[in-house]
Amino acid sequence: MENQNMVLPKVQLGNTGYSVSQLALGGFHQVEISSDIIDKVVTAYQQFGGNYIETARSYGDGASEKKLGRVLEGRRDQFILCSKSGAEGAREIRRDIEASLTNLQTDHIEFYYFHGVPDEDKLERILSPGGALEGMLKAKEEGLIGGIGLSSHNLPMYIKGMSALPVDLILIWCNYLEDMYLPEIKDEIFPFARKRNIGITAMKPLGDGFLYRSPNMAMRYAMSNHPDVLVCGMNTLQHVSEAVEAVCQGPLTAAEQSSLLMDAPELGNYVCRQCGNCSAQLKELFRLEGYVDRQMIDYLEHDPADYALRLRLSSWFSMREKGLSVFKKKKWDEMKLLKEAASVSCPYRIDVSRKVRLSLAKLSGGNLILFE
Ligand code: SF4
């Protein structure tokens, strides 16, 4: 490896007292590869100074945890480990923590997450007597877990979750596609966590693989939002090498960021960059469109592989219903929006009138008869 002398920088993770490498090894994709390959990946990652590995009970129904347990035998104490559970009851989460401990072949796990908390109903059940919070706190008291984390695919649940649960860290998505319609990740959620000294670990720097063309720029863009740690799935030695290089290079400069947003083919001439050329209403309309399908479905020409990827990933998050309900309440004058759009010249070559018609169709459940 050309960059074999690079050493990953370390950061203090919130107020947890742990010093962790700025690059974490994500466990989701370990389901797809053999323990032999994971062994090589973990060894390479460790040689670069990596010490932070995360996985979850649900990744391959425990397969990721089991493979990691085998691979970490004899070196478990050299890593900070996280796992996660979607359980909502105290007994269920206890059962999951014990299963994680067995699978990972350890007597403690540094951080255990409430995994993918989807909505307020589930949060309430977690908090209620006999709920998963009780189980987590007991496991923490007994030293089975060191701290508590929170993750979700539904953005509003981060602030609600951090307000209600005694969490030490969050795992949240962070990339240049989502940044275009969910600016609140960096503008509201990161500052909210920082103010409370909650560690910020950022996942999906490549937007679930959609931003695969330039992993270096994508990872460095994610770092520009200043999470504590970037979590990347790495399935090959090349992935490890590329991710280490990106993290060691650090965040993009402002000029590099502008040029990425101008040229990134995944944003192309369809994804709104939220510049100042449109009215606040138009910009909000495009953000709500992002809630529906991440602005991936643009009805433009794509090669079959790209088209298939867009179809698969466009409904990956749970923001669609929120987008539709917010739009319904707005009662915007659609003709006024279309009139406004006609006068906008977009620096990213977006056909703003066409985009307004498409956004309105997606958000109102209308059809594409709006096109000639
Ligand atoms: S001009 Fe283009 S990038 Fe700027 S807000 Fe309008 S659509 Fe978005």
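Conventions and cut-offs
- Residues numbered from 1 in each chain as written.
- Predicted model: local features only at pLDDT ≥ 70, side-chain atom pairs only at ≥ 80, totals over all residues.
- Heavy atoms only, no water.
- Helix = DSSP H or I, 4+ residues; strand = E, 2+ residues; numbered from the N terminus.
- Rg over C-alpha atoms; globule rule 2.2 N^0.38 Å.
- Buried < 20%, exposed > 50% of the residue type's maximum accessible area, 1.4 Å probe, protein only.
- Contact = heavy atoms within 4.5 Å.
- Near = heavy atom within 4 Å.
- Nonpolar A, V, L, I, M, F, W, Y, C, P; charged D, E, K, R; others polar.
- UniProt positions renumbered as here; feature names shortened; annotations may be inferred.
- Disulfide = S-S within 2.5 Å.
- Arc of directions from axis to C-beta.
- Polar contact = N/O pair within 3.5 Å; in protein donor to acceptor, adjacent residues only side chain to side chain.
- Pairing = 2+ DSSP bridges.
- Axes fitted to C-alpha atoms, helices over the stretch in contact; angles between N-to-C directions.
- Right-handed = clockwise from strand over helix to strand, strands pointing away.
- Parallel < 35°, antiparallel > 145°, perpendicular 65-115°, else oblique.
- Left-handed = near helix turned anticlockwise from the far one by under 90°.
- Core = buried A, V, L, I, M, F, W, Y, C linked by side-chain atoms within 4.5 Å.
- Domains from an automatic or database assignment.
- Buried area = accessible area lost by both parts, 1.4 Å probe.
- Salt bridge = Lys/Arg side-chain N within 4 Å of Asp/Glu carboxyl O.
- Expected span 1.5 Å × (residues − 1).

1. What about the overall build of the protein chain?
Argument step 1. The helix and strand inventory of the protein chain stands at 15 helices and 10 strands.
Argument step 2. The C-alpha radius of gyration computed for the protein chain amounts to 21 Å, which stays within 12% of the reference 21 Å derived for 372 residues, consistent with globular compactness.
Argument step 3. Over its C-alpha atoms, taken along the principal directions, the protein chain stretches across nearly 65 × 55 × 40 Å.
Argument step 4. Counting every position in the protein chain, which comprises 372 residues, the buried fraction comes to 55%.
Argument step 5. The contacts in the protein chain between residues at least 6 apart in sequence include a share of 75% that link residues at least 24 apart.

2. Section: the site of the ligand
Argument step 1. Close contacts around the ligand come from 13 residues, with Cys272, Arg273, Cys275, Cys278 and Cys346 the closest.
Argument step 2. When its residues are assigned to classes, the shell around the ligand shows 9 nonpolar, 2 polar and 2 charged.

3. Considerations on the UniProt feature "domain: NADP-dependent oxidoreductase" (unreviewed entry) in the protein chain
Argument step 1. UniProt records the feature "domain: NADP-dependent oxidoreductase" (unreviewed entry) at residues 40–212, using the numbering of this structure.
Argument step 2. This span, residues 40–212, is 40% helix and 18% strand, and a straight line between its end C-alpha atoms measures 23 Å.

4. Topic: the state of the cysteines
Argument step 1. One pass over the structure, following the stated rule, counts 0 disulfides.
Argument step 2. Cysteine Cys174 remains unbridged, with the sulfur of Cys232 as its closest cysteine sulfur at 11 Å.

5. Considerations on helix H4 (residues 120–127)
Argument step 1. Listing the buried residues of H4 in full gives Lys122, Leu123 and Ile126. An end-on view of H4 places all buried positions within 105 degrees of arc, on one side of the element.
Argument step 2. Elements that come into contact with the buried residues of H4 comprise strand E6 (109–114), helix H5 (132–141) and helix H6 (156–164).
Argument step 3. Capping of H4 at its N-terminal end is provided by Asp119; its side-chain oxygen lies 3.3 Å from the backbone amide nitrogen of Asp121.

6. Some details on the sheet that holds strand E4 (residues 52–54)
Argument step 1. One closed barrel accounts for 8 strands, arranged E3-E4-E5-E6-E7-E8-E9-E10; its pairing is parallel. The average undirected angle you get between the axes of adjacent strands in this sheet is 30 degrees.
Argument step 2. Taken together, the 4 bridges between strand E3 (residues 23–26) and strand E10 (residues 229–233) define a ladder with parallel strand orientation. If you follow Gly26 over to E10, its bridge partner there is Gly233.

7. Some details on the pairing of E10
Argument step 1. Summarising burial for E10: 4 of the 5 residues are buried, a large majority.
Argument step 2. Strand direction decides the pairing type here: strand E9 (residues 199–203) and E10, joined by 2 bridges, are parallel. Following the sheet pairing, Ala202 is matched in E10 by Leu230.
Argument step 3. In the classification by handedness, the crossover that spans E9, the intervening helix H8 (residues 215–224) and the parallel E10 is right-handed.

8. Brief notes about the packing of helix H11 (residues 280–293) against helix H15 (residues 352–364)
Argument step 1. Running from amino to carboxyl end, H11 crosses H15 at an angle of 50 degrees, the nearest separation of the two axes being 9 Å. Between H11 and H15, the crossing angle belongs to the class labelled oblique. Like other packed secondary-structure pairs, H11 and H15 cross with a definite hand, here left-handed. Of H15, the residues touching H11 (which contributes Leu282, Leu285, Phe286, Leu288, Glu289, Val292 and Asp293) are Val352, Lys355, Val356, Ser359, Leu360, Lys362 and Leu363.

9. Considerations on the nonpolar core
Argument step 1. The biggest cluster of nonpolar side chains holds 103 residues, and the ones touching the most others in it are Tyr45, Tyr52, Phe114, Tyr158, Met162 and Ile172.
Argument step 2. Here the element with the most residues in this core is H11; it accounts for 6 residues.
Argument step 3. Both domains that meet at this core, namely domain 1 (10–260) and domain 2 (280–370), each give it at least three residues.
Argument step 4. Within the second largest apolar cluster, 16 residues are counted, among which are Ala218, Leu260, Leu261 and Leu309.

10. Some remarks on the domain arrangement of the protein chain
Argument step 1. Once the domains are mapped, the protein chain shows domain 1 (10–260) and domain 2 (280–370).
Argument step 2. One C-alpha centre belongs to domain 1, the other to domain 2, and the line joining them spans 31 Å.
Argument step 3. Between domain 1 and domain 2 lies a buried interface of about 1,500 Å² when both sides are counted; carbon and sulfur atoms form 63% of it.
Argument step 4. The three residues of domain 1 that bury the most area against domain 2 are Tyr181, Asp208 and Phe210, which together make up 43% of that side's buried surface.
Argument step 5. Where domain 1 meets domain 2, there are 3 salt bridges.

11. Structural notes on helix H1 (residues 35–47)
Argument step 1. The terminal C-alpha atoms of H1 lie 18 Å apart, and with 13 residues this matches the ideal 18 Å at 1.5 Å per residue to within 8%.
Argument step 2. Taken together, the buried positions of H1 are occupied by Ser35, Ile38, Val41, Val42, Ala44 and Tyr45.
Argument step 3. Remark: Gly49 follows H1 within two positions and exhibits a positive phi of approximately 95 degrees.

12. Thoughts on the packing of H4 against H6
Argument step 1. Taken N-terminus to C-terminus, the directions of H4 and H6 make an angle of 15 degrees; their axes are 11 Å apart at the nearest point. Considered as vectors, H4 and H6 are oriented roughly parallel to each other. The interaxial crossing formed by H4 with H6 has right-handed handedness. Residue-level inspection shows Glu120, Leu123 and Leu127 of H4 in contact with H6, the latter providing Met157, Lys160, Gly161 and Ala164.
Argument step 2. In terms of residue class, the contact of H4 with H6 is built from 4 nonpolar, 1 polar and 2 charged.

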